[in-house]
Structure formats: C-alpha cells, structure tokens
Amino acid sequence: MSRRKTRPRPTTGPAAPSAPAVTAASPCPCGRGAAYGACCGRFHDGTAGAAPTAELLMRSRYSAFVVRDEGYLLRTWAPETRPAGVDFDPSLRWTGLEIRETTDGTAFHQRGTVTFVARYVHDGEPGALHERSRFTRHDGAWVYVDGEFLA
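From a predicted model like this one, the values you see are computed outputs, not experimental measurements.

Calculation criteria
Residues numbered from 1 in each chain as written. Predicted model: local features only at pLDDT ≥ 70, side-chain atom pairs only at ≥ 80, totals over all residues. Heavy atoms only, no water. 1 Å grid on protein atoms, 1.4 Å probe; cavity = no way out; pocket = protein on both sides within 12 Å on 5 of 7 lines; lining within 4 Å. Points joined across faces, edges and corners; volume = space filled by probe spheres on them. Helix = DSSP H or I, 4+ residues; strand = E, 2+ residues; numbered from the N terminus. Nonpolar A, V, L, I, M, F, W, Y, C, P; charged D, E, K, R; others polar. Buried < 20%, exposed > 50% of the residue type's maximum accessible area, 1.4 Å probe, protein only. Contact = heavy atoms within 4.5 Å. Polar contact = N/O pair within 3.5 Å; in protein donor to acceptor, adjacent residues only side chain to side chain.

Peer 1: Can you walk me through the layout of surface pockets in this structure?
Peer 2: Where empty space is left can be seen by rolling a probe of water-molecule size over the atoms. In this model, the second largest pocket occupies a volume close to 150 Å³. In terms of lining, the second largest pocket is formed by 13 residues, of which the most central are G49, A50, A51, Y72 and T76. Those elements that place two or more of their residues in the lining of the second largest pocket are helix 3 (70-75) and strand 4 (141-149). Top element by residues in the lining of the second largest pocket is strand 4. It accounts for three residues. When its residues are assigned to classes, the lining of the second largest pocket shows eight nonpolar, four polar and one charged.

So, in structure tokens, the structure goes:
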C-alpha cells in the first residue's frame, strides 16, 4: 500500500474545483456496486433520511468527499469536532474505498468504529489514507467524531 508522507493540504478561496461528474445512475463511489442515486446519493439528498449504520455513514461520507458535498459532510460531523467548513484540494482525486473492519455501529449501538483504506491520486501520485474512524449517535443519527491514522 502506498501512503503519502503528509496529508494533502486543503485549498481555500473561490478557485475550488467543481466536483467530478457523478449522476444518480453512475456507480456509487463507495464501491458497494449500486448506482449512486440508490446508494450514497439518497443520503446526500436526504430522501433516505440518515444512514442507519456507522459503516453506511462512512461510505456516504467518502462519497461526499468524492462529489465534494460540503453540506452533507458538515451535517454528519459531531458538533464537538466539526470544523467551520470543508475545503477541497483541487489536485486530489479519490479513487476507491475499502472497508477493513467495523465494530458495533448498528441500530443497537450508540458508538462504532470503521477501519478503512481510501485510495487517492494527489498531484499525479497515488496514495492511500488508512484510518480508524469513530462514530457516535447524535440526536438519534450517526455522526463522525474523529479518526486515528494507521500505518
């Protein structure tokens, strides 16, 4: 697995790029094999309500990074760790998600973790982000709290 030495730095200002073209009929970026509109897109646009598990929230947040849906990312971030905004690096393109492990995070839990590898290309160089993300319930819905980078 290739991993970059530092995290890509976000860019700010009006020069932020447009999101990659993903339509409701496109394969979902999360890799589940369904169309985006029937998979993560339904959470992004609110037609399916909140993601019912921590893993589905992780997948939908990954897809939100791919399509650069700042509103969804902020709505699904725990208030105590939520940043003021999300700036997207125009030289970063997410290329795949692999879920490695989940603990708890179902309808019967209040907390959960999802360990994943998210692949990307940054300035033409491939890399991977390996993280164990923590999730909790906030007002009944799963939200992202924080993550630990893994080697």
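Peer 1: Quick question: what am I supposed to make of the environment of R134 here?
Peer 2: Inspection of the secondary structure assignment puts R134 in strand 3 (residues 125-138). Residue classification places R134 among the partly exposed residues on the basis of a relative accessible area of 41%. The residues contacting R134, other than those within four sequence positions of it, are G112, T113, V143, Y144, V145 and D146. For R134, the side chain forms a polar contact with the side chain of D146, separated by 2.6 Å.

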